[in-house]
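Examining the three-dimensional arrangement
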Amino acid sequence: MAKEDKDLKDNNTNTNNKEKEDVVKYIQLGDETYNIGDVVSMKAPPGEKPYIAKILSFAIAHSNSDRKHNEDKNKTTNDNNKNNNQQQQIIKHNEPDKIKVFCSWYYRPEEAASGRKAFHGEHEVFASDHVDWVKASTIERKIHVYTLAEYQELSAVTERSFFSRFSYKAATSEFKPDHVQVFCKCSMPYNPDLFMVECDECKEWYHPECIGREREDLDTDDNEDWFCDDCQQKKHKKARIS
């Protein structure tokens with residue numbers, strides 16, 4: 001898939017790299033600080049949507065001259081300093097081309113093997129088991145990936161707002177959960193981008209187009225009860241019987 005672009009990715013995905021590396025707690029890129037656990041957008045080839053990834057760790061791959069400098073510096077430290085955890089010494093870095101980011105990718109629906117479906121929201125992504133080392137210079141900005149319930153509660157959805165309700169196993173194209181609740185006559189999972197109306201009797205949700213109605217007729221503030229066709233017919237039958 002597109003995330004395999006070699007111009008954007010550090011091709012060394014071996015986490016057991018023999019090259020000595022310092023572990024970085026966070027990095028500073030411009031005015032923004034990025035921490036382990038942050039979700040970010042990353043540069044994609046022209047014409048493609050930005051990639052989305054969760055930061056799992058940072059590392060600096062030292063050149064030979066860097067390693068020699070560190071060896072000389074270590075010789076001058078006392079025994080106590082030698083016992084200090086090196087992870088505590090380097091906590092930020094402002095040279096993104098020298099930083100590697102280990103990340104797990106989020107897939108957009110169209111990037112998965114099964115493609116985008118009608119119930120997928122515009123801002124829906126799948127958490128995946130696909131991991132890579134990439135250059136920190138590919139990071140664009142922080143974004144937020146919410147649960148579906150959290151996403152529904154947002155007062156405003158921005159271009160940095162996404163939600164995830166499925167996890168995706170890239171190698172086998174498997175989703176978890178493998179099924180979710182469906183609604184309406186079309187038996188489609190919920191899409192937060194599509195307007196639906198709830199029947200006050202059966203509590204089922206419907207898309208206006210699936211019941212031959214216009215949204216303008218249903219999306220009102222008059223607080224009147226609304227009943228689907230099936231419930232209306234049941235009510236009429238009860239009225240005739242009584």
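In the block above lies the structure referred to throughout.
Residues numbered from 1 in each chain as written. Predicted model: local features only at pLDDT ≥ 70, side-chain atom pairs only at ≥ 80, totals over all residues. Heavy atoms only, no water.

**What about the nonpolar core?**
Worth spelling out the cut-off: We define the nonpolar core as a collection of buried residues of types Ala, Val, Leu, Ile, Met, Phe, Trp, Tyr and Cys that are connected through side-chain atoms lying within 4.5 Å of one another. Note on classification: 1.4 Å probe, protein chains only; a residue is buried when its accessible area is under 20% of the maximum for its type, exposed when over 50%, partly exposed between these limits. Only heavy atoms matter for contacts: two residues are in contact if any of them lie within 4.5 Å across the pair.
One finds Ile27, Met42, Val101 and Ile139 to be the most contacted residues of the largest nonpolar core, which totals 25 residues. Filtering out sequence-adjacent residues up to four positions away, methionine 42 remains in contact with Pro50, Tyr51, Ala53, Val101, Cys103, Trp105, Val134, Thr138, Ile139 and Glu140. Counting 11 residues, the second largest nonpolar core, distinct from the first, contains Cys184, Cys199, Ile211 and Cys231.

**Looking at the pairing of strand β8 (residues 139-146)**
For a regular strand, side-chain orientation follows a simple rule: the groups alternate between the two sheet faces. For the record, the criterion: Here, any two strands with at least 2 DSSP bridges between them count as paired. Every helix listed is a DSSP run of H or I at least four residues long, and every strand listed is a run of E at least two residues long, numbered separately from the N terminus.
Of the strand pairs in this sheet, strand β4 (residues 39-42) and β8 are connected by 4 bridges, and their pairing is antiparallel. Note on β8: the bridge partner recorded for serine 41 is arginine 141.

**Side note on the pattern of salt bridges**
Convention followed: Salt bridges are counted wherever a side-chain nitrogen of Lys or Arg sits within 4 Å of a carboxyl oxygen of Asp or Glu.
Summed over all chains, the structure comprises 7 salt bridges. In this structure, aspartate 38 engages lysine 142 in a salt bridge whose closest nitrogen and oxygen atoms are separated by 3.6 Å. Remark: lysine 142 occurs in strand β8 and aspartate 38 occurs in the loop between β3 (32-35) and β4; sequence separation between them is 104 residues. With a relative accessible area of 18%, aspartate 38 lands in the buried category. Look at lysine 142 and you get partly exposed, because its relative accessible area is 23%. Close ionic contact of glutamate 159 with arginine 141 constitutes a salt bridge, the shortest N to O distance being 3.1 Å. A residue pair is termed long-range when its members are at least 10 positions apart, and glutamate 159 in the loop between α3 (148-152) and β9 (161-163) and arginine 141 in strand β8 qualify at 18 residues. The exposure class assigned to glutamate 159 is exposed, which follows from its relative accessible area of 55%.

**Re the environment of lysine 203**
Along the chain, lysine 203 falls in the loop between β14 (197-198) and β15 (205-206). Along the chain, lysine 203 and phenylalanine 227 lie 24 residues apart, while their C-alpha atoms are 9.1 Å from each other.

**Brief notes about the packing of aromatic side chains**
Stated precisely, the cut-off is as follows: For Phe, Tyr and Trp, where Trp contributes only its six-membered ring, two rings pair if their centres lie within 6.5 Å, and the inter-plane angle classes them as stacked under 30 degrees, edge-to-face over 60, or tilted in between. In this analysis the charged atom, NZ for Lys or CZ for Arg, is taken to sit over a ring once it is within 6 Å of the ring centre and within 35 degrees of the ring normal.
Scanning the model with the defined rule gives 10 aromatic pairs in all. A centroid spacing of 6.1 Å and a plane angle of 85 degrees characterise the contact between phenylalanine 126 and phenylalanine 166, whose relative ring orientation is edge-to-face. A residue pair is termed long-range when its members are at least 10 positions apart, and phenylalanine 126 in strand β7 (residues 126-135) and phenylalanine 166 in the loop between β9 and β10 (167-169) qualify at 40 residues. Among the residues examined, phenylalanine 126 registers a relative accessible area of 0% and is labelled buried. Its relative accessible area of 9% is what places phenylalanine 166 among the buried residues. A centroid spacing of 5.0 Å and a plane angle of 85 degrees characterise the contact between phenylalanine 126 and phenylalanine 175, whose relative ring orientation is edge-to-face. With phenylalanine 126 in strand β7 and phenylalanine 175 in strand β11 (residues 174-176), the pair connects residues that are 49 residues apart, well separated along the chain. Site record: aromatic cluster; members linked through ring pairs are Tyr107, Phe126, Phe166, Tyr168 and Phe175. Taking NZ or CZ as reference, lysine 100 lies 4.8 Å from the ring centre of tryptophan 133, over its face.

**Remarks on the state of the cysteines**
The condition is simple: Two cysteine sulfurs form what is called a disulfide whenever their separation falls within 2.5 Å.
For the structure shown, the criterion picks out 0 disulfides. Left unpaired, cysteine 199 is separated from the closest cysteine sulfur, that of cysteine 202, by 3.6 Å.

Limitation: the analysis is restricted to geometry and does not speak to function.
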